[in-house]
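One letter stands for each residue in the lines below.
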Amino acid sequence: MSALPSISPEGRKTYDVVVVGAGFAGMYMLYRLRGAGFSVRVYEQGGGVGGTWYWNRYPGARCDVESMQYSYSFSEELQREWDWSERYAPQPEILKYANHVADRFNLRRDIQFNTRVDRAVFDETANTWTVTTSDGNTMIASFVVLATGCLSNARRPDIKGLESFKGPVYHTGNWPHEVVDFTGLRVGVIGTGSSGIQSVPVIAGQARHLTVFQRTANFSIPARNAPLTDQERQAFRQNYPQIRRFAREVARNGIYTDLPDRGALDDGDERRRAKYEQRWQKGGLTFMYAYNDLALSKAANDTAADFVRGKIAEIVKDPETARLLQPNSHPIGTKRICVDTDYFATFNRDNVALVDIKANPIEEILPNGLRTTAKTYELDALVLATGFDAMTGSVAKIDIRGRNGLTLNRKWAEGPKTYLGLMSTGFPNLFIITGPGSPSVLSNMIVSIEQHVDWIADCLAFMHAKGLSLMEAEKDAEDKWVAHVNEVAHATLYPQANSWYMGANIPGKPRIFMPYIGGVGTYRQICNEIAAKGYEGFAMAANERERAVAVIS
Ligand code: N01
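Residues numbered from 1 in each chain as written. Predicted model: local features only at pLDDT ≥ 70, side-chain atom pairs only at ≥ 80, totals over all residues. Heavy atoms only, no water.

Scanning the chain for helices and strands turns up 17 helices and 21 strands. Over its C-alpha trace the chain gives a radius of gyration of 24 Å, about what one expects of a compact globule, namely 24 Å for 553 residues. Its C-alpha atoms give the chain principal-axis dimensions of roughly 70 × 55 × 45 Å. Considering the chain as a whole, with its 553 residues, one finds that 58% of them fall into the buried category. If you take every contact in the chain between residues at least 6 apart in sequence, the share linking residues at least 24 apart comes to 71%. Seen as two clouds, the 62 positive and the 61 negative side-chain charges of the chain have centres 2 Å apart. (Helix = DSSP H or I, 4+ residues; strand = E, 2+ residues; numbered from the N terminus. Rg over C-alpha atoms; globule rule 2.2 N^0.38 Å. Buried < 20%, exposed > 50% of the residue type's maximum accessible area, 1.4 Å probe, protein only. Contact = heavy atoms within 4.5 Å. Lys, Arg positive; Asp, Glu negative; His and termini not counted. Charge placed at Lys NZ, Arg CZ, Asp CG, Glu CD.)

In structure tokens form, the structure reads like this:
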């Protein structure tokens, strides 16, 4: 192990670890591995750090987890010196924070920007990965860590005629770096997930006219965003040890909040309504923590869903528009719940119209508009808020070949299979951060990222200390974990929604519930216990020959 790369006999740079991606996961992975003395190279396809926050620059983009919690906890100094300006920081501020972290910890010297990792092939004789990048270079790595992010592969929908549109077409997940000004334009937004719901109020404030094309109505809770005062920041900082501990060990989703002590039907109508009202007024994702059975019981869930549908009817003046905006296709929370600023009220504006493309689907995009089965709409600009090939999309873009030339895409053709979301059998020495099978997108991502990075860094230090160079998930352990992930998901209401958690937004993608829903605290405990038992369920060896001997005997 050395902090500097060596050169292979073929003249290739050889690193202990290659990390793919310089978002929040890749940056912290680099920090930890460098601190442990490993040689590391990070490749990032964007021109800067920040991952999803580098690409998602659409108007209104901000985090839906409070910034005092959606921030790194690994450095006490960082935690003390960075002042978040609002309860939910806007995207430019989160990106500024990512850049601050990169500078403060001098990370950039080991990151190569504007460079995609195209290929990674495992060499079974040398126990190493041969990694090829988009600039044509090839290097060797003992380990590869995929820090590619869960929501980083923006998906353009296959709508007939899209390429023929004469005006600008933007995707929320791949927004231009220059300012986009919709002033005076007739704009169409397709998609009403978190990105659509955040961008619609801001675009409506600029555009001459905005038409929102909705296929599925979504539940959304007001953010109640506001500037953070010094006092509020101080209160957080003073309580950070408890807040961070709670987020890591107690909360199911990695967010500090007061936990419910009962089910929705344990309260009478009046009390229940008051509780929902209080959560609604407080705002944010923790609305779903009003009761402890909202994700488990349809009858309980209906009470929360009815409450939100009632709020929509109160806010939106036109009854037909209100009816269309009321979600009815899935239990509340089983698609990622949205957090908005004035989304529903935006439909009271004279320059905004809602079009139901479930009833009247889009037939074709025209050079100057869009035609549904019912009507033609003239548009000057189009915004695709149509989401991502989530969780597996970014990994699938890399040609990853493990043992016997098996590609990860082939192995995952019927759905991703991992042990703990961290490794996949047949792909030794390849780690995934917040991969499918881990809590990932069902949690505060930074809490989950830090947990995975710490686990991987500790694991590599353990292997180094023991003289081990090969690690692979055992098939039996992986099969059991995949079954457990499924079993836990199917004990909840989540699989009832056609969500991107299930891969349902991508035609042809297998319908498998991808994230682990058992909660971040439970999951952390499982990972820690496995590590404490000498990485139970992972085969470790000093070299390939030792592994072969172990397998034969
Ligand atoms: O994407 P989505 P997103 N024709 O997949 C519609 C995170 N995030 O970018 O539901 C017509 O949720 C689609 O309709 P339907 C967060 O985890 C976080 O908004 O498939 N419509 C849906 O309405 C979030 O969940 C933040 O029927 C089409 C929309 O497009 C995740 O990212 C902010 C269509 C896509 O919604 C993804 O959110 C933003 C088609 N062909 C995102 N294809 C915060 O932190 C798709 N749609 C706040």
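This next bit is on helix H7 (residues 240-250). Within the span of H7, buried status applies to Tyr 240, Ile 243, Arg 244, Phe 246 and Ala 247. Buried residues of H7, viewed axially, fall in a sector of 160 degrees; they line one side. Lining the buried residues of H7 we find helix H3 (76-81), helix H6 (230-238), helix H14 (445-466) and helix H16 (520-532). (Arc of directions from axis to C-beta.)

As a further point, take the site of the ligand. Around the ligand lies a shell of 23 residues, among which Thr 192, Ser 195, Arg 215, Thr 216 and Lys 335 are the nearest. Arg 62 places a main-chain nitrogen or oxygen 3.5 Å from an oxygen atom of the ligand. One nitrogen or oxygen atom from the main chain of Ala 385 is found 3.2 Å from an oxygen atom belonging to the ligand. Alone, the ligand offers 910 Å² of accessible surface; in the complex the protein occludes 87% of this. Per-element tally for the shell around the ligand: the top contributor is helix H5 (residues 194-206), with 3 residues. Of the residues in the shell around the ligand, the class split is 9 nonpolar, 9 polar and 5 charged. Counting the residues that make up the shell around the ligand, at least three belong to each of domain 1 (6-153 + 390-552) and domain 2 (154-218 + 342-387). (Near = heavy atom within 4 Å. Polar contact = N/O pair within 3.5 Å; in protein donor to acceptor, adjacent residues only side chain to side chain. Areas by Shrake-Rupley, 256 points an atom, 1.4 Å probe, with all protein chains shown as cover. Nonpolar A, V, L, I, M, F, W, Y, C, P; charged D, E, K, R; others polar. Domains from an automatic or database assignment.)

In total, this model carries 42 aromatic pairs according to the counting rule given. Within the aromatic cluster, the residues linked to one another by ring pairs are Phe 24, Tyr 28, Tyr 31, Trp 53, Tyr 70, Tyr 72, Phe 74, Trp 82, Trp 84, Tyr 97 and Phe 105. Lying across the ring of Tyr 54, Arg 57 places its NZ or CZ 4.8 Å from the centre. (Phe/Tyr/Trp six-rings, centres within 6.5 Å; stacked < 30°, edge-to-face > 60°. Lys NZ or Arg CZ within 6 Å of the ring centre and 35° of its normal.)

In many reports, interface size means the accessible area that the parts give up when they come together. Taken domain by domain, the chain comprises domain 1 (6-153 + 390-552), domain 2 (154-218 + 342-387) and domain 3 (257-334). Taking only C-alpha atoms into account, the centre of domain 1 sits 34 Å from that of domain 3. Between domain 1 and domain 3, the residue contacts involve 12 residues of the former and 14 residues of the latter. Where domain 1 abuts domain 3, roughly 920 Å² becomes buried across the two surfaces, and 59% of that area is made up of carbon and sulfur atoms. One can count 0 salt bridges joining domain 1 with domain 3. Linking domain 1 with domain 3 are 2 residue pairs in polar contact (both at pLDDT 80 or more). Of the residues assigned to the side of domain 1 that touches domain 3, the class counts are 7 nonpolar, 3 polar and 2 charged. (Buried area = accessible area lost by both parts, 1.4 Å probe. Salt bridge = Lys/Arg side-chain N within 4 Å of Asp/Glu carboxyl O.)

A full pass over the atoms with the stated rule returns 44 salt bridges. Notably, a salt bridge pairs Asp 103 with Arg 108, separated by 2.8 Å at the nearest N-O pair. Where Asp 267 meets Arg 262, a salt bridge forms, and the shortest distance between an N and an O atom there is 2.8 Å. In this structure, a network of salt bridges that share partners links the residues Asp 261, Arg 262, Asp 267, Arg 271 and Lys 275.

If you trace the 3 strands from one edge of the open sheet to the other, you get E14-E15-E16, paired in antiparallel fashion. Strand pairing shows two members of the sheet lacking a second neighbour, strand E14 (362-366) and strand E16 (376-378), which therefore form its edges. Taken pair by pair, the neighbouring strands of this sheet meet at an average axis angle of 15 degrees, ignoring direction. Note that E14 and strand E15 (residues 369-372) share 4 bridges and pair antiparallel. What sits directly across from Leu 366, in E15, is Gly 369. (Pairing = 2+ DSSP bridges. Axes fitted to C-alpha atoms, helices over the stretch in contact; angles between N-to-C directions.)

The next thing to look at is the pairing of strand E10 (residues 209-214). Across the 6 residues of E10, 5 count as buried, placing the element largely inside the fold. Strand direction decides the pairing type here: strand E9 (residues 186-190) and E10, joined by 5 bridges, are parallel. Note on E10: the bridge partner recorded for Val 187 is Leu 210. In terms of handedness, the path from E9 via H5 over to E10 forms a crossover that is right-handed. Summarising the sheet, E10 and strand E13 (residues 352-356) pair through 5 bridges and their orientation is parallel. Following the sheet pairing, Thr 211 is matched in E13 by Ala 353. (Right-handed = clockwise from strand over helix to strand, strands pointing away.)

The next point concerns the nonpolar core. Counting 134 residues, the largest nonpolar core has Phe 182, Phe 287, Phe 431, Trp 455, Met 471 and Phe 538 as the members making the most contacts within it. Not counting residues up to four positions away in its chain, the partners in contact with Phe 287 are Ile 221, Tyr 276, Arg 279, Trp 280, Leu 294, Ala 304, Phe 307, Val 308 and Ile 332. Counting 23 residues, the second largest nonpolar core, distinct from the first, contains Ala 141, Val 395, Leu 408 and Trp 412. (Core = buried A, V, L, I, M, F, W, Y, C linked by side-chain atoms within 4.5 Å.)

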